[in-house]
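Below, each chain spelled out in residue letters.
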Amino acid sequence: MSILHATTNLDLDDTATGYAYRSTEELKSARLLFQLLRYGALVRMGNNIGALALRLKLPIEGVLRNTLGRLFLGGTDLESTLPTLRRLSSHGVSVMLDYAVEASSHASQQEATLEEYLRMIEFSSKHRDLVSFIAIKLTALAPPLLWEKLSSQAPLSPFLLSAKEAFESRFARLVTAAIRSGVPLMVDAEESWIQSAIDRVIEEYMERNNKDSIFIYTTIQMYRRDRLDYLKALLSRASTYKVGVKLVRGAYVEKERKRAKERNYPDPIQPTKAATDIAYDAALMLCLENIERVGLCIATHNRTSCMKAVQYVLMQGISPSHPHLSFSQLYGMADPLSFGLARAGFRVVKYVPYGPVEKAFPYLARRAEENSSLSDQSGRELRWIKEELARRKRISQS
Ligand SMILES: Cc1cc2nc3c(=O)[nH]c(=O)nc-3n(C[C@H](O)[C@H](O)[C@H](O)COP(=O)(O)OP(=O)(O)OC[C@H]3O[C@@H](n4cnc5c(N)ncnc54)[C@H](O)[C@@H]3O)c2cc1C
């Protein structure tokens, strides 16, 4: 037992705590699924077939809902997430709700997403004990092409000008509703070629609204070479307001590298995983050093980064339940980290996506891909689950 464990009750590998909210049947299904996911070629084929089948309206929805959906989604609509949210809450973990839709170029779809985001706010204000944050995507409220043009400061066509106006009124409505209900918004980070315009909008709204409380959070992807400098600049610009930051490594390594190569511009992504890890931890420390004026959500499944944050917090005498500090992991992943941190008194919010399976399919496909290689993550999930099943078997036999 480490000194940290002895003095803080912190154990990030304790599967009994990590899976206390999961039944043995659920864990057995999860084990089977994670085992299948390790076959990378199978996953890629499955994702292609799944996308095609959904496009052709073939009846595979039930299969997806009972496999990937059951593991990674909190429900198909808001009300159906409640049992999951209550279960997490009874083990000391609250949530960040995410309506799992992807970018959309259609105004009617963007309007529908806005209405759902507003329903999320209402739902969350009714269940403040269960929901801490709402995650939103700006590409679900305005076409990706608009963000791309704005990011490269290209002129806008009449169509994009009206899309911009429509976005501005949608976002203003959303922020007003969130502030009125006291529910903070966390804006997801997206591809580098659309992010600059998203950054500008969020900074403007942070400046206006993050005075006493922090209502608006941006997301910073530390796999980007330029993001540590961006974070430093953001902190120096924010002299009159507080900054909300969800810190992630970044989800689009291959897509970013491929585009940079095809269009012949320098790869924006760190050259190696180790370089991303160093940048992530440097950003983590910078935010923690400024915790009185930074709302920090440490969004990672990386055990080492979590441990570094915990050590810094404890050594500096910062309260683990400091209102500006939270940890977040995706629902269905890294449970021993989430529940281990929560048990030691840290604020943990599981990122819980919900939505109809056909809409959430790209999210599910990403989770499948992420767990498909022989990466640390997929191996670790499986090891934890097997360990917990073995532990439960030993107990039932004794
Ligand atoms: C709560 C939550 C919210 C999230 N929101 C967003 C979001 O808004 N936007 C977004 O883009 N992602 C988001 N993600 C996903 C996140 O960016 C990572 O893809 C994922 O969490 C895996 O990284 P990790 O820190 O958990 O751990 P690890 O498993 O230690 O790291 C894996 C990550 O390292 C990086 N990496 C891997 N190989 C290389 C390489 N060869 N060179 C350089 N870097 C490499 C990649 O970013 C990869 O995802 C979110 C994740 C969580 C948990």
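Refer to the structure above for everything that follows.
Residues numbered from 1 in each chain as written. Predicted model: local features only at pLDDT ≥ 70, side-chain atom pairs only at ≥ 80, totals over all residues. Heavy atoms only, no water.

A word on the packing of helix 8 (residues 144-151) against helix 9 (residues 158-181)
Part 1 of the reasoning: Across the interface, helix 8 lies against helix 9 with an axial gap of 10 Å and an inter-helix angle of 100°. When the interaxial angle is binned, helix 8 and helix 9 end up roughly perpendicular. Contact residues: helix 8 offers Leu145, Leu146, Trp147, Lys149 and Leu150, while helix 9 offers Leu160, Ala163, Lys164 and Phe167.
Part 2 of the reasoning: Here the contact of helix 8 with helix 9 is composed, by residue class, of seven nonpolar, no polar and two charged. (Axes fitted to C-alpha atoms, helices over the stretch in contact; angles between N-to-C directions. Helix = DSSP H or I, 4+ residues; strand = E, 2+ residues; numbered from the N terminus. Parallel < 35°, antiparallel > 145°, perpendicular 65-115°, else oblique. Contact = heavy atoms within 4.5 Å. Nonpolar A, V, L, I, M, F, W, Y, C, P; charged D, E, K, R; others polar.)

Digging into the site of the ligand
Part 1 of the reasoning: Contacts to the ligand come from 25 residues, most closely from Gly250, Thr276, Thr300, His301 and Asn302.
Part 2 of the reasoning: The contact in question runs from a nitrogen atom of the ligand to an N or O atom on the side chain of arginine 257, over 3.0 Å.
Part 3 of the reasoning: For the ligand, the protein covers 85% of the area, taking 940 Å² as the surface of the free molecule.
Part 4 of the reasoning: Elements represented by at least two residues in the shell around the ligand include exactly strand 4 (216-221), strand 5 (243-248), helix 12 (253-262), helix 13 (273-289) and strand 7 (325-330).
Part 5 of the reasoning: Residue contributions to the shell around the ligand peak at three residues, all from strand 7.
Part 6 of the reasoning: Taken together, the residues that form the shell around the ligand break down as nine nonpolar, eleven polar and five charged. (Near = heavy atom within 4 Å. Polar contact = N/O pair within 3.5 Å; in protein donor to acceptor, adjacent residues only side chain to side chain. Areas by Shrake-Rupley, 256 points an atom, 1.4 Å probe, with all protein chains shown as cover.)

Examining the pairing of strand 1 (residues 94-99)
Part 1 of the reasoning: Among the six residues that make up strand 1, six are buried, leaving the element largely enclosed by the rest of the structure.
Part 2 of the reasoning: Of the two faces of strand 1, the one lined by Ser94, Met96 and Asp98 and the one lined by Val95, Leu97 and Tyr99 are each fully buried.
Part 3 of the reasoning: Note: strand 1 against strand 8 (residues 348-354), six bridges, orientation parallel. Each residue of the ladder has a partner; that of aspartate 98, found in strand 8, is proline 353.
Part 4 of the reasoning: Here four bridges tie strand 1 to strand 2 (residues 131-136), and the two strands are oriented parallel to one another. Each residue of the ladder has a partner; that of aspartate 98, found in strand 2, is alanine 135. (Buried < 20%, exposed > 50% of the residue type's maximum accessible area, 1.4 Å probe, protein only. Pairing = 2+ DSSP bridges.)

A word on the packing of aromatic side chains
Part 1 of the reasoning: Within the structure shown, the criterion is met by eight aromatic pairs.
Part 2 of the reasoning: Taking the centre distance of 6.2 Å and the plane angle of 85° together, the rings of phenylalanine 34 and phenylalanine 72 count as edge-to-face. Highlighted residues: phenylalanine 34 in helix 3 (residues 24-37) and phenylalanine 72 in helix 5 (residues 61-72), separated in sequence by 38 residues. Each member of the pair, phenylalanine 34 together with phenylalanine 72, is buried.
Part 3 of the reasoning: Plain terms: the ring middles of phenylalanine 171 and tyrosine 205 are 4.7 Å apart, the flat faces sit at 70° to each other, and that makes the pair edge-to-face. In this pair, phenylalanine 171 sits in helix 9 while tyrosine 205 sits in helix 10 (residues 192-209), placing the two residues 34 residues apart along the sequence.
Part 4 of the reasoning: Grouped by ring-pair contacts, the aromatic residues Trp147, Phe167, Phe171 and Tyr205 constitute a single cluster. (Phe/Tyr/Trp six-rings, centres within 6.5 Å; stacked < 30°, edge-to-face > 60°.)

Details of the pattern of salt bridges
Part 1 of the reasoning: Across all of its chains, the model carries 25 salt bridges by this definition.
Part 2 of the reasoning: Between glutamate 203 and arginine 237 there is a salt bridge; the shortest N-O distance is 2.9 Å. Pair noted here: glutamate 203 is in helix 10 and arginine 237 is in helix 11 (residues 227-237), with a separation of 34 residues, a long-range link.
Part 3 of the reasoning: The exposure class assigned to glutamate 203 is buried, which follows from its relative accessible area of 13%.
Part 4 of the reasoning: Among the ionic contacts, a cluster of salt bridges with common partners joins Asp199, Arg224, Asp226 and Arg227. (Salt bridge = Lys/Arg side-chain N within 4 Å of Asp/Glu carboxyl O.)

Here we look at the nonpolar core
Part 1 of the reasoning: Judged by nonpolar contacts, the single largest core of 125 residues is most densely connected at Leu138, Trp147, Phe171, Leu174 and Leu296.
Part 2 of the reasoning: Each residue touching phenylalanine 171, except ones within four places of it in the same chain, is listed here: Ile136, Leu138, Leu141, Val201 and Tyr205. (Core = buried A, V, L, I, M, F, W, Y, C linked by side-chain atoms within 4.5 Å.)

Section: the sheet that holds strand 2
Part 1 of the reasoning: Read around the closed barrel, the eight strands follow the order 1-2-3-4-5-6-7-8; overall the barrel is parallel. Pairwise comparison of adjacent strand axes, ignoring direction, gives a mean angle of 30° for this sheet.
Part 2 of the reasoning: In this structure, strand 2 lies alongside strand 3 (residues 185-187), joined through three bridges in parallel fashion. Along strand 3, the bridge assignment pairs isoleucine 134 with leucine 185.
Part 3 of the reasoning: Sheet strands in contact with helix 6 (residues 82-90) are strand 1, strand 2 and strand 8, and its direction is about 170° off that of strand 8.

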